[in-house]
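A look at the structure
In case you want the letters, here they are:
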Amino acid sequence: MTQSRLLDRSRRAVWHPCTQMKSHESLPLVPITRGEGVWLYDDNGRRFLDGVSAWWVNLFGHCNPRINDAICEQLETLEHVMLAGFTHAPVVELSERLSALTGHQLGHAFYASDGASATEIALKMSMHAWRNQGETGKDRFISLAGSYHGETVGALAVTDVHLFRDAYAPLVRAGTVVPSPDARQAEPGETDTDVAERAAQALEHYLAEHHDEIAALIVEPLVQGAVGMAMYHPHYLRRARELCDTYRVHLIADEIAVGCGRTGSFFACEQAGIWPDMMCLSKGISGGYLPLSLVLSTDAIYDCFYDDDVHRGFLHSHSYTGNPLACRAALATLDIFKADDVIHTNKARAELLGDATREAFAEHPAVRHLRQRGMIVAFDVDTVEREFSQRFFAAGLDQGVLLRPIGNTVYFMPPYIVEADDIAHLVRGAAAALKHCIG
Ligand SMILES: *Cc1c(COP(=O)(O)O)cnc(C)c1O
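Residues numbered from 1 in each chain as written. Predicted model: local features only at pLDDT ≥ 70, side-chain atom pairs only at ≥ 80, totals over all residues. Heavy atoms only, no water.

**Thoughts on the site of the ligand**
- In the vicinity of the ligand, the contacting residues are Trp 56, Asp 114, Gly 115, Ala 116, Tyr 148, His 149, Gly 150, Glu 220, Asp 254, Ile 256, Ala 257 and Lys 283.
- Between the ligand and the protein, one listed contact pairs a nitrogen atom with a backbone N or O atom of Tyr 148 at 3.5 Å.
- Note that a nitrogen atom of the ligand is positioned 2.6 Å from one of the side-chain N or O atoms of Asp 254.
- When the free accessible area of the ligand is taken as 380 Å², the share hidden by the protein chains comes to 82%.
- Taken together, the residues of the shell around the ligand sort by class into five nonpolar, three polar and four charged. (Near = heavy atom within 4 Å. Polar contact = N/O pair within 3.5 Å; in protein donor to acceptor, adjacent residues only side chain to side chain. Areas by Shrake-Rupley, 256 points an atom, 1.4 Å probe, with all protein chains shown as cover. Nonpolar A, V, L, I, M, F, W, Y, C, P; charged D, E, K, R; others polar.)

Below is the structure:
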């Protein structure tokens, strides 16, 4: 009874994100009271294995003792201070360590709270950097078909997901969309490198004509998450880097979802052997604990703003910029990467996840394009069922797994602490949910 009261109160008072609220007339909200490791618990003793890392943010499980301790310790000394005119050890240390992780290619960290803010910062920084160099015409942006870089009005300019953008079209100064290197688009006989090259040629064609008005190309390196885990060959990133250099256009890597080890390397760009001019991080950077985002940039970008004239500075801010608690959570997260050699140990974990998925689904008559990049495994389901995603989600909950397909794409993106039996539970739950939905 208390539970249904809570659900009613939530529906009345809480406007839930990315949700048609009326759908909760038939699809109940899930009340979570507690999290531990890969599990989320409701107050009826049900538990769900978090197969989507709490919307792609959690890296080392819920209520991780090491991150909890770091935050508690920070809480005893400094909860927050403004970052304009002030500084503190956690933000300095985090900036230095992230710089070191990029081999000091991206040595300047600008902070915000959410991913979309990081996108907006990168767009503003790019355009302003050109302007400070006297190039006032370079104020437009390019993104990939199916791109997702957040949902604030500025970020929607480079987000090519119609469901999120169309209603707000009059507010949005939409950028140009160029073909995605999505490997699923391979024609018969084409490899994923061929698809990447084809997309790079389309980019080249566009830049050759329009580079004078383009400030930056923004990409989700290797995996376009929100469109349905579209994966592509690193060749595209290498070509994009070359083309951006040739045509004097910034390359912005949005590693909000793919950074922090998700694709098998700490940064996805490492797999292409390139560095962008600016890189956005959020989601996993705080271990999935607190809102924290940042934009890392090169010396060349930073130097465009360094001047006696205040107007040439980057005059952007958010109240919680560089929050010490969030930075400490991030430092504890980086400590775990180092102490547990996570990038290395995740290789075996990713192999288990991939093998188990292939074994359960590769031969399934409705499964298409089973694919993997590091700790992300996905496949498409050939069905005309319009409510597939919601039905699969609900059926998964009945099996004790939290999986939330994007359209017809089922994906696994678990925290980096899943063990073999967790993976077996996840895959078994998904198989049962699929059977429930399409027979
Ligand atoms: C989630 C996400 C964002 C937006 O982050 P928010 O914190 O939700 O604003 C931007 N880009 C990518 C690639 C994302 O996955």
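Next comes the rest of the write-up.
**Description of the side chain of Thr 383**
- With respect to the helices and strands, the residue Thr 383 is situated in the loop between strand S14 (376–381) and helix H13 (388–398).
- A polar contact is formed between the side chain of Thr 383 and the backbone nitrogen of Glu 385, at a distance of 3.0 Å.
- Dropping the residues within four chain positions of it, Thr 383 is found in contact with Phe 388, Asn 408 and Ile 438. (Helix = DSSP H or I, 4+ residues; strand = E, 2+ residues; numbered from the N terminus. Contact = heavy atoms within 4.5 Å.)

**Describing the domain arrangement of the chain**
- The domain architecture assigned to the chain consists of domain 1 (3–63 + 341–438) and domain 2 (68–340).
- Across the contact, 31 residues belong to domain 1 and 35 residues belong to domain 2.
- Of the roughly 2,600 Å² buried at the junction of domain 1 and domain 2 (both faces included), carbon and sulfur atoms supply 63%.
- A per-residue breakdown of the area domain 1 buries against domain 2 is headed by Trp 56, Ile 343 and Arg 373, which together make up 27% of the total.
- For the interface between domain 1 and domain 2, the tally reads one salt bridge.
- Asp 380 is the salt-bridge partner of Arg 184, the closest N and O atoms lying 3.0 Å from each other.
- Between the two partners, domain 1 and domain 2, sit 17 residue pairs in polar contact (both at pLDDT 80 or more).
- For the side of domain 1 that touches domain 2, the secondary-structure elements that each account for two or more residues are helix H2 (53–56), helix H12 (342–361), strand S13 (367–373), S14 and strand S16 (409–412).
- Looking at which element gives the most residues to the side of domain 1 that touches domain 2, the answer is H12, with five residues.
- Grouping the constituent residues of the side of domain 1 that touches domain 2 by class yields 17 nonpolar, nine polar and five charged. (Domains from an automatic or database assignment. Buried area = accessible area lost by both parts, 1.4 Å probe. Salt bridge = Lys/Arg side-chain N within 4 Å of Asp/Glu carboxyl O.)

**Brief notes about the environment of Gly 439**
- Among the secondary structure elements, Gly 439 is positioned in the segment after helix H14 (420–438).
- What makes Gly 439 exposed here is its relative accessible area of 67%.
- Along the primary structure Gly 439 and Ala 366 are separated by 73 residues, whereas in three dimensions their C-alpha atoms are 10.0 Å apart. (Buried < 20%, exposed > 50% of the residue type's maximum accessible area, 1.4 Å probe, protein only.)

**Looking at the packing of aromatic side chains**
- Evaluated as defined, the whole model comprises 14 aromatic pairs.
- With a centroid separation of 5.7 Å and 75° between ring planes, the pair formed by Phe 305 and Phe 314 is classed as edge-to-face.
- With relative accessibility at 11%, the residue Phe 305 sits in the buried group.
- Judged by its relative accessible area of 16%, Phe 314 is buried.
- Joined through ring pairs, the aromatic side chains of Phe 60, Phe 266, Phe 267, Trp 275, Phe 337 and Tyr 416 make up one cluster.
- A cation sits over an aromatic face here: Arg 34 above Tyr 41, 4.0 Å from the ring centre.
- Directly above the aromatic system of Trp 39 lies the positively charged group of Arg 47, at a separation of 3.5 Å from the ring centroid. (Phe/Tyr/Trp six-rings, centres within 6.5 Å; stacked < 30°, edge-to-face > 60°. Lys NZ or Arg CZ within 6 Å of the ring centre and 35° of its normal.)

**Considering the nonpolar core**
- Residues Leu 94, Leu 203, Leu 217, Met 229, Tyr 236, Phe 392 and Phe 412 are the most contacted members of the largest nonpolar core, which totals 109 residues.
- If one sorts the elements of this core by residue count, helix H11 (residues 324–339) sits on top with ten residues.
- Two domains each provide a minimum of three residues to this core, namely domain 1 (3–63 + 341–438) and domain 2 (68–340).
- Sequence-distant contacts of Phe 392, defined by excluding residues within four places in its chain, comprise Leu 403, Pro 405, Val 410, Ala 430, Ala 433, Leu 434 and Cys 437. (Core = buried A, V, L, I, M, F, W, Y, C linked by side-chain atoms within 4.5 Å.)

**Focus on the pairing of strand S7 (residues 214–219)**
- Of all six residues making up S7, six are buried, and the element is well covered by its neighbours.
- Where strand S5 (residues 140–144) lies against S7, four bridges are found, and the strand directions are parallel. Across the sheet, Ser 143 pairs through a bridge with Ile 218, a residue of S7.
- With four bridges joining them, S7 and strand S10 (residues 250–254) adopt parallel strand pairing. Bridge pairing in S10 places Ala 216 opposite His 250. (Pairing = 2+ DSSP bridges.)

**Some remarks on H12**
- Taking 1.5 Å per residue, 20 residues should reach 28 Å; H12 reaches 27 Å between its end C-alpha atoms and fits that length.
- Three or more residues of H12 are buried, namely Val 342, Asn 346, Arg 349, Ala 350, Leu 353, Gly 354, Thr 357 and Phe 361.
- Buried residues along H12 sit against H11, S13, S14, S16 and H14. (Expected span 1.5 Å × (residues − 1).)

**Describing a nonpolar patch on the surface**
- Taken together, the side chains of Val 153, Tyr 168 and Leu 171 make up a nonpolar region of the molecular surface, amounting to roughly 300 Å² of accessible area.
- By the element assignment, Val 153 lies in helix H6 (residues 153–156).
- Residue Val 153 is classed as partly exposed on the basis of its relative accessible area of 42%. (Patch = residues over 30% accessible without salt bridge, like charges linked within 9 Å, V, L, I, M, F, W, Y side chains within 5 Å.)

**Thoughts on the pattern of salt bridges**
- Enumeration over the complete set of coordinates arrives at 22 salt bridges.
- With its nearest N and O atoms 2.3 Å apart, the salt bridge here joins Glu 135 to Arg 248. Placement of the pair is Glu 135 in the loop between helix H5 (115–132) and S5 and Arg 248 in the loop between helix H9 (235–246) and S10, with a sequence separation of 113 residues.
- Notably, a salt bridge pairs Asp 182 with Arg 184, separated by 2.8 Å at the nearest N-O pair.
- Taking the relative accessible area as the measure of exposure, Asp 182 reaches 7% and is therefore buried.
- Salt bridges sharing common partners tie together Asp 182, Arg 184, Arg 371 and Asp 380.

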